[in-house]
Amino acid sequence: MNDSIFDAAPVLAASPLGKRTSWPNHYDARLLYPIARAPLRAALGIAGQPVFSGADLWTAYELSWLNPRGKPQAAIAHILMPCESAYLIESKSLKLYLGSFADTRFPDADAVRERIERNLSAALWHESDTRMPAVVRLIAPEAFDRQAVQEMDGLLLDRLDIECDAYDAPAPQLLTAAFDEQPVQETLTSRLLKSNCPVTGQPDWASVQIRYDGPQINQAGLLRYLVSFRRHSEFHEHCIERIFMDIWTRCRPARLTVYARYTRRGGIDINPWRTSHPGPLPPGARTARQ
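Residues numbered from 1 in each chain as written. Predicted model: local features only at pLDDT ≥ 70, side-chain atom pairs only at ≥ 80, totals over all residues. Heavy atoms only, no water.

Student: Before we go on, may I ask you to explain the overall build of the protein in this structure?
Tutor: Along the protein, the regular secondary structure elements total five helices and twelve strands. Dimensions of the protein along its principal axes, counting C-alpha atoms only, are 65 × 40 × 35 Å. The proportion of buried residues among the 290 residues of the protein is 51%. Pairs at least 24 apart in sequence give 75% of the contacts found in the protein among residues at least 6 apart. Of the charged side chains in the protein, 33 are positive and 33 negative; the average position of the first set lies 4 Å away from that of the second. (Helix = DSSP H or I, 4+ residues; strand = E, 2+ residues; numbered from the N terminus. Buried < 20%, exposed > 50% of the residue type's maximum accessible area, 1.4 Å probe, protein only. Contact = heavy atoms within 4.5 Å. Lys, Arg positive; Asp, Glu negative; His and termini not counted. Charge placed at Lys NZ, Arg CZ, Asp CG, Glu CD.)

The following block contains the structure:
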């Protein structure tokens, strides 16, 4: 088994995304393709430590391997990647990496889980000390029917009958808040977030939840702002960081959490979660569209 991740920090142009690739037959950790977070965050005006913490919560539905007797095994993998890591993982590379387990024998599910955790942690902290490792939880087939399907809680912005005309790029100027009124605590949701892959142009569909304490955000403006991502090209993780930073800067909440659940592509969904304050992880239940 080849357990070496990579030889040099890669760039997006060399990633497998948007290219024809052959399906791997055996486990190979070198298939993981990390992308540095810092340059992407610099475009959002983030230098050094962000004002948020959080995680990228992935679900992989197509994980399989062989047991010592060669019998195929199956599981769903819940993967937590800390957003404090130096790198994120390009999604197609994770699909290829997990696919490489299919014809490889492992002693048991724990060995698979430990291998994925070790490889992802190394990729997330390339050439630096691993401070917050990836965490992997495998769901066995006998527990599949206990996986919850649940919509995000909160007041649905989509109920508003508004006119939308901004689609080409995020429009933070649409965000306003009532700074001269009493602060509020609100949880707002929408199923209308759409952006596009920056390499392939494929659509990425998501539900988003915004929890905040502070000046009340104008709901119509917030919904129009979310719709303005419709033709925007950016990775899931940085769309959510952009939303967080735009609300943080324009609306000045005292506390803010932004959480999105994107529909799966290639048997994997990605669910970024960013928060200004310590708190529990969001529920892992998938939405109906996932």
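We are not done yet, so read on.
Student: Would you mind showing me how to read unusual backbone geometry here?
Tutor: What you tend to see is this: most non-glycine residues have negative phi, and most peptide bonds are trans. Even without being a glycine, Arg252 presents a positive backbone phi close to 50 degrees. Mapping Arg252 onto the fold places it in the loop between α5 (236-251) and β11 (255-262).

Student: Honestly, the side chain of Gln219 in this entry has me stumped. Any pointers?
Tutor: Within the secondary structure layout, Gln219 lies in helix α4 (residues 219-227). A residue is classified by how much of its surface remains accessible, and Gln219, at 14% relative accessible area, is buried. Within polar-contact distance, the side chain of Gln219 engages the side chain of Arg159 at 2.7 Å. Once residues within four sequence positions are removed from consideration, Gln219 is found in contact with Leu155, Leu157, Arg159, Leu160, Glu186 and Leu188. (Polar contact = N/O pair within 3.5 Å; in protein donor to acceptor, adjacent residues only side chain to side chain.)

Student: I tried to follow the packing of aromatic side chains on my own but got confused; where do I start?
Tutor: Here a ring pair, both rings aromatic, is described through the centre-centre distance and the interplanar angle of the planes. This model, assessed by the stated rule, comprises eight aromatic pairs. With 5.4 Å between their ring centres and 70 degrees between their planes, Phe52 and Phe244 make a pair best called edge-to-face. Of this pair, Phe52 sits in the loop between α1 (37-42) and β2 (53-66) while Phe244 is found in helix α5, placing the two residues 192 residues apart along the sequence. Using a relative accessible area of 3% as the deciding quantity, one classes Phe52 as buried. A connected cluster of aromatic rings, assembled from ring pairs, spans Tyr27, Tyr97, Phe101 and Phe106. Over the ring of Tyr27 we find Arg115, and its NZ or CZ is 5.1 Å from the ring centre. The side chain of Lys194 reaches across the aromatic face of Trp205, ending 5.7 Å from its centre. (Phe/Tyr/Trp six-rings, centres within 6.5 Å; stacked < 30°, edge-to-face > 60°. Lys NZ or Arg CZ within 6 Å of the ring centre and 35° of its normal.)

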